[in-house]
There are 2 protein chains.
Amino acid sequence: MKAKVYVTLKPGVLDPQGKAIQHSVELLGFGDISDVRQGKYFEIALNDAVVEAEAQAAVTRMAAEVLSNPIIEDYRVEFEA
Amino acid sequence: MKAKVYVTLKPGVLDPQGKAIQHSVELLGFGDISDVRQGKYFEIALNDAVVEAEAQAAVTRMAAEVLSNPIIEDYRVEFEA
């Protein structure tokens, strides 16, 4: 079983890294870009023996408590069989 | 229009950051995890006036040339209206 966790800055939180990327790509000639925000992406592989409901609960807790900072970041979890 | 770009290490490329995360979460009591790999995630907002086909081509080129390192990374692009 595989889980994908996406961590993004909450709306309203400044993203200087995203702004730097936006500025750079504009200098490189990519126009029409109004905003770039950078986030993090994790692929988590779980042992096949694990019970699906338990694994989903564990990964969701891991995303909330370890992989993201709840003060400034949101997270989203997807599961694949 | 909005584009999402996911950048991941190619299979076979060592991911020390992912290994460090895996080790940490194991110490924190999350078992049954066989692998963790970290990637990058970008949300790119485009001006509404832009032609869709052109924007898709531009974002795909940006993902290939700027946001990812083709030697060690793969990228995936998704578009939302």
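Keep in mind that this is a model prediction, so the values were computed, not measured.

(A) How the structure looks around the overall build of chain A. Across its full length, chain A carries two helices and three strands. The N-to-C order of helical and strand elements in chain A reads β-α-β-α-β. In terms of C-alpha radius of gyration, chain A reaches 16 Å, well past the compact-globule figure of 12 Å for 81 residues. By its C-alpha atoms, chain A is 50 × 25 × 15 Å across when sized along the principal axes. When the accessible surface of chain A is summed, it comes to about 4500 Å², and 55% of that surface belongs to carbon and sulfur atoms. Positive and negative side-chain charges of chain A, numbering 8 and 13 respectively, have mean locations separated by a distance of 3 Å.

(B) View of the sheet that holds strand β1 (residues 2–9) of chain B. Pairing within the open sheet is antiparallel, and its six strands lie in the order β3(A)-β1(A)-β2(A)-β2(B)-β1(B)-β3(B). Only two strands of the sheet have a single neighbouring strand rather than two, namely β3 (73–80) of chain A together with β3 (73–80) of chain B. When the angles between neighbouring strand axes are averaged without regard to direction, this sheet yields 20°. Note: strand β1 (residues 2–9) of chain A against β3 of chain A, eight bridges, orientation antiparallel. Bridge pairing in β3 of chain A links Val5 of chain A to Val77 of chain A. Against the sheet, helix α2 (residues 52–67) of chain A contacts β1, β2 (33–46) and β3 of chain A together with β2 (33–46) of chain B, and its axis sits at roughly 155° relative to β3 of chain A.

(C) A look at the relation of the copies chain A and chain B. Superposing chain A onto chain B takes a rotation of 180° combined with a translation of 0.0 Å along the rotation axis, leaving an RMSD of 0.0 Å. Read as a symmetry element, the transformation amounts to a two-fold axis. Among all residues of chain A, the minimum C-alpha distance to the rotation axis is found for Lys40 of chain A, at 2.4 Å. Here 100% of the interface residues in chain A have copies in chain B that are interface residues too; the copies meet face to matching face.

(D) Looking closely at helix α1 (residues 16–27) of chain A. All names here are of chain A. Between its first and last C-alpha, α1 extends 16 Å over twelve residues, near the 16 Å set by a 1.5 Å rise per residue. By the burial criterion, the buried members of α1 are Gly18, Ile21, Gln22 and Val25. Axial view of α1: buried residues confined to an arc of 100°, hence all on one face. Of the exposed residues in α1, those oriented more than 90 degrees away from the buried face are Pro16 and Leu27. The first or second residue beyond α1 is Gly29, which carries a positive phi of 100°.

Scoring rules and cut-offs
Residues numbered from 1 in each chain as written. Chains lettered and ligands numbered in written order. Predicted model: local features only at pLDDT ≥ 70, side-chain atom pairs only at ≥ 80, totals over all residues. Heavy atoms only, no water. Helix = DSSP H or I, 4+ residues; strand = E, 2+ residues; numbered from the N terminus. Rg over C-alpha atoms; globule rule 2.2 N^0.38 Å. Areas by Shrake-Rupley, 256 points an atom, 1.4 Å probe, with all protein chains shown as cover. Lys, Arg positive; Asp, Glu negative; His and termini not counted. Charge placed at Lys NZ, Arg CZ, Asp CG, Glu CD. Pairing = 2+ DSSP bridges. Axes fitted to C-alpha atoms, helices over the stretch in contact; angles between N-to-C directions. Contact = heavy atoms within 4.5 Å. Least-squares fit on C-alpha atoms with pLDDT ≥ 70 in both. Expected span 1.5 Å × (residues − 1). Buried < 20%, exposed > 50% of the residue type's maximum accessible area, 1.4 Å probe, protein only. Arc of directions from axis to C-beta.

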